[in-house]
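Spelled out from the first residue to the last, the chains are:
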Amino acid sequence: MSHTVSIEVKMKNLEAVTKAAEAMNAKLLGQGSHHLYSSNHTGLGIHLPGWQYPIVVTEDGTLHYDDFNGRWGNPNDISRLTDDYAQAVVEMECDYLGWYHEKRDDKRQVGLGP
């Protein structure tokens, strides 16, 4: 049985969401109303490769998606999207503060420093 999943991740920085989605080769569907299997949500639509329905990030930062227990999308992609989002937020904040940072591809970490 399918149902829409809502996760309260608080992805409020849309620039960072966009960077995270692009890192996953996702197609950005833009702002608007997006249809999932049994519901509609308004926000930024992201269509991840291999997913039947989009992921929608609403204004309050909540993720809405329907993966039908992995049949319509890999649930691990949600973890990667949230990880990449956090990475992008940290990198953007470091850039804003003028701090050095680097991404380590093997461990997906950021080095910080003034």
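As a reminder, the structure under discussion sits directly above these lines.
Residues numbered from 1 in each chain as written. Predicted model: local features only at pLDDT ≥ 70, side-chain atom pairs only at ≥ 80, totals over all residues. Heavy atoms only, no water.

1. As for the overall build of the protein chain
Part 1 of the reasoning: Looking only at helices and strands, the protein chain features two helices and seven strands.
Part 2 of the reasoning: Ordered by position in the sequence, the α and β elements of the protein chain form the string β-α-β-β-β-β-α-β-β.
Part 3 of the reasoning: Expressed as a percentage of the 114 residues in the protein chain, the buried residues total 40%.
Part 4 of the reasoning: Summarising the internal contacts of the protein chain: among those between residues at least 6 apart in sequence, 44% fall at separations of at least 24. (Helix = DSSP H or I, 4+ residues; strand = E, 2+ residues; numbered from the N terminus. Buried < 20%, exposed > 50% of the residue type's maximum accessible area, 1.4 Å probe, protein only. Contact = heavy atoms within 4.5 Å.)

2. Some words on the nonpolar core
Part 1 of the reasoning: Counting residues in each nonpolar core, the largest one holds 20 residues, and the members touching the most others are Met-11, Val-17, Ile-46, Leu-48, Ile-55 and Val-57.
Part 2 of the reasoning: When residues of this core are traced back to their parent elements, those giving at least two are α1 (14-23), β3 (40-47), β4 (55-57), β5 (63-65) and α2 (76-97).
Part 3 of the reasoning: In terms of residues, this core owes the most to one element, α2, which gives five residues.
Part 4 of the reasoning: Aside from chain neighbours lying at most four places away, what touches Leu-48 is Met-24, Ala-26, Ile-55 and Asp-77.
Part 5 of the reasoning: Judged by nonpolar contacts, the second largest core, of five residues, contains Leu-36, Tyr-53, Val-56 and Trp-72. (Core = buried A, V, L, I, M, F, W, Y, C linked by side-chain atoms within 4.5 Å.)

3. Some details on unusual backbone geometry
Part 1 of the reasoning: You will see that Asn-25, though not glycine, has its phi angle at about 60°, which is positive.
Part 2 of the reasoning: Positionally, Asn-25 belongs in the loop between α1 and β2 (27-35).
Part 3 of the reasoning: Overall, Asn-25 belongs to the exposed group, its relative accessible area being 63%.
Part 4 of the reasoning: Even without a glycine there, the phi angle at Phe-68 is positive, about 45°.
Part 5 of the reasoning: Structurally, Phe-68 is set in the loop between β5 and α2.
Part 6 of the reasoning: Assessed through its relative accessible area of 19%, Phe-68 is described here as buried.

4. A closer look at the packing of α1 against α2
Part 1 of the reasoning: Running from N to C, α1 and α2 cross one another at 125°; their axes reach a closest spacing of 8 Å. Relative to α2, the element α1 lies oblique. Between α1 and α2 lies a crossing whose hand is right-handed. Here Glu-15, Ala-16, Val-17, Lys-19, Ala-20, Ala-21 and Ala-23 of α1 lie close against α2, whose contacting residues are Arg-80, Leu-81, Asp-84, Tyr-85, Ala-88, Val-89 and Met-92.
Part 2 of the reasoning: Class assignment of the residues belonging to the contact of α1 with α2 gives a composition of ten nonpolar, no polar and four charged. (Axes fitted to C-alpha atoms, helices over the stretch in contact; angles between N-to-C directions. Parallel < 35°, antiparallel > 145°, perpendicular 65-115°, else oblique. Left-handed = near helix turned anticlockwise from the far one by under 90°. Nonpolar A, V, L, I, M, F, W, Y, C, P; charged D, E, K, R; others polar.)

5. Notes on the side chain of Asp-77
Part 1 of the reasoning: Position of Asp-77 among the secondary structure elements: in helix α2.
Part 2 of the reasoning: Here Asp-77 occupies a buried position and makes no salt bridge, while the nearest side chain of opposite charge, Arg-80, is found at 6.0 Å.
Part 3 of the reasoning: Once residues within four sequence positions are removed from consideration, Asp-77 is found in contact with Met-24, Leu-48, Pro-49 and Trp-51. (Lys, Arg positive; Asp, Glu negative; His and termini not counted. Salt bridge = Lys/Arg side-chain N within 4 Å of Asp/Glu carboxyl O.)

6. With respect to the packing of aromatic side chains
Part 1 of the reasoning: Taken as a whole and judged by the stated rule, the model has five aromatic pairs.
Part 2 of the reasoning: Ring geometry for Trp-51 and Tyr-65: centres 5.8 Å apart, planes at 75°, overall edge-to-face. With Trp-51 in the loop between β3 and β4 and Tyr-65 in strand β5, this pair connects stretches of sequence that are 14 residues apart.
Part 3 of the reasoning: An angle of 40° between the planes, with centres 4.7 Å apart, marks the rings of Phe-68 and Trp-72 as tilted. (Phe/Tyr/Trp six-rings, centres within 6.5 Å; stacked < 30°, edge-to-face > 60°.)

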